[in-house]
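Examination of the molecular architecture
If you want the building blocks of each chain, they are given just below.
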Amino acid sequence: MPDLAPAPIDDLAAAFQIEGWPVRGRLVRLGAAIDRVLSAHAYPEPVAALLGEACALAALVGSSLKFEGRLIVQAQGDGPVRYVVADYDTSGAIRGYCRFDEAEVAAASTGFARPGAQTLLGKGVFIMTLDRGPDFERTQGITPIEGESLSLCAEHYFEQSEQLPTKVRLAVGSVQTDDGAQWRAGGAMIQVVASDDSRGSTEEVWDRSRALFATLGDDELVDPTISPETLLFRLFHEDGVRLEDARPLAAVCRCSRDRISAVLASFDPAERADMVEDDGKIRVTCEYCASVYDIDPADVRAA
């Protein structure tokens, strides 16, 4: 077995390199972090799976950024799920949220197979946004929703927006633990490096890479007993593979009392007055993590 750099089993994003191949890859494994995101709301199973895919994809692509900032993955359409959004912060923080119609999701979930992206989102758009902070304009790419997995949406995005051949696999599932069922997610991505005079054609290597990558199973991506090193060794053991630059991931929401107060302060006083409940407080629930903030209107005026 090749000498692979040690890495944690869960909640990490890492690059990998196949020895001598003009192919770059990334791997994401999510355990406690994705369970925290998906357990924050009572999502139906198909909706939770869609959100888990979005979070894994955001970490998969975002962890390759060479600057401080955020990558936001979003899809919205006219289907049972109105929109799904997930973002990755280069500190390793992930969060996500889905808005959906429960009755419409139930109606779409009557078959034997779990409904996927196109069934849940309907006709709409897939969006990736790069946010480098207040000193830079956001960069955004938009493509139509394609296929029953966000992985297909991502492949189409890279093909259309960056002319970069890409293969993506995303998986979400639950496992039984001593504490009960817990959500898990995983993702992997490979991209071919463009041909040049010194490298020559990369078409044959890319065909072989895709063939090997296609053998990756969803169960392997979410299985807590399979380490990242073992997973990659199964795929590319004949050629050698290295795991590099593993970074920890965690479910972290950016909501806070100060942020909520600042948002409330932007409303007209009459609008804020309508928000006050019988106990004299303005009660705000974060749509991401479901934290509830009881805000005194006097504190908002002072904000």
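Attention here is on the structure that accompanies the text. Remember, it's a predicted structure, so these values are computed and weren't measured experimentally.

Cut-off values and rules
Residues numbered from 1 in each chain as written. Predicted model: local features only at pLDDT ≥ 70, side-chain atom pairs only at ≥ 80, totals over all residues. Heavy atoms only, no water. Axes fitted to C-alpha atoms, helices over the stretch in contact; angles between N-to-C directions. Helix = DSSP H or I, 4+ residues; strand = E, 2+ residues; numbered from the N terminus. Parallel < 35°, antiparallel > 145°, perpendicular 65-115°, else oblique. Left-handed = near helix turned anticlockwise from the far one by under 90°. Contact = heavy atoms within 4.5 Å. Nonpolar A, V, L, I, M, F, W, Y, C, P; charged D, E, K, R; others polar. Buried < 20%, exposed > 50% of the residue type's maximum accessible area, 1.4 Å probe, protein only. Arc of directions from axis to C-beta. Pairing = 2+ DSSP bridges.

In the contact formed by helix 1 (residues 32-39) and helix 2 (residues 45-62), the axes pass within 10 Å of each other and the chain directions differ by 135 degrees. Considered as vectors, helix 1 and helix 2 are oriented oblique to each other. For the crossing formed where helix 1 meets helix 2, the hand is right-handed. Contact residues: helix 1 offers Ile34, Val37 and Leu38, while helix 2 offers Ala48, Leu51, Gly52 and Cys55. When grouped by side-chain class, the residues that make up the contact of helix 1 with helix 2 number six nonpolar, one polar and no charged.

A few words now on helix 6 (residues 203-213). Side chains of residues three or four places apart in an α-helix project in the same direction, reflecting 3.6 residues per turn. Where helix 6 is concerned, the buried positions are Trp206, Ser209 and Phe213. Within helix 6, the buried residues cover an arc of 60 degrees as seen down the axis, which keeps them to one side. Seen from the buried face of helix 6, the exposed residues on the opposite side, beyond 90 degrees, are Glu203 and Glu204.

Further remarks concern the environment of His156. Within the secondary structure, His156 is located in helix 5 (residues 150-161). Distance in space between the C-alpha atoms of His156 and Gly62 is 17 Å, their sequence separation being 94 residues. Those residues in contact with His156, other than ones at most four positions away along the chain, are Thr143, Pro144 and Glu146.

Taking strand neighbours across the sheet as the criterion, the six strands line up as 7-6-3-4-5-11 in an open arrangement whose pairing is mixed. Of all strands in the sheet, those with a lone pairing partner are strand 7 (139-144) and strand 11 (250-251), marking the two edges. Looking at chain direction, strand 6 (residues 124-131) and strand 7 are connected through six bridges and run antiparallel. Considered in strand 7, the bridge of Met128 is made with Gly141. On the sheet, helix 2 packs against strand 3 (70-77), strand 4 (81-89), strand 5 (93-100) and strand 6 and is oriented at approximately 30 degrees with respect to strand 4.

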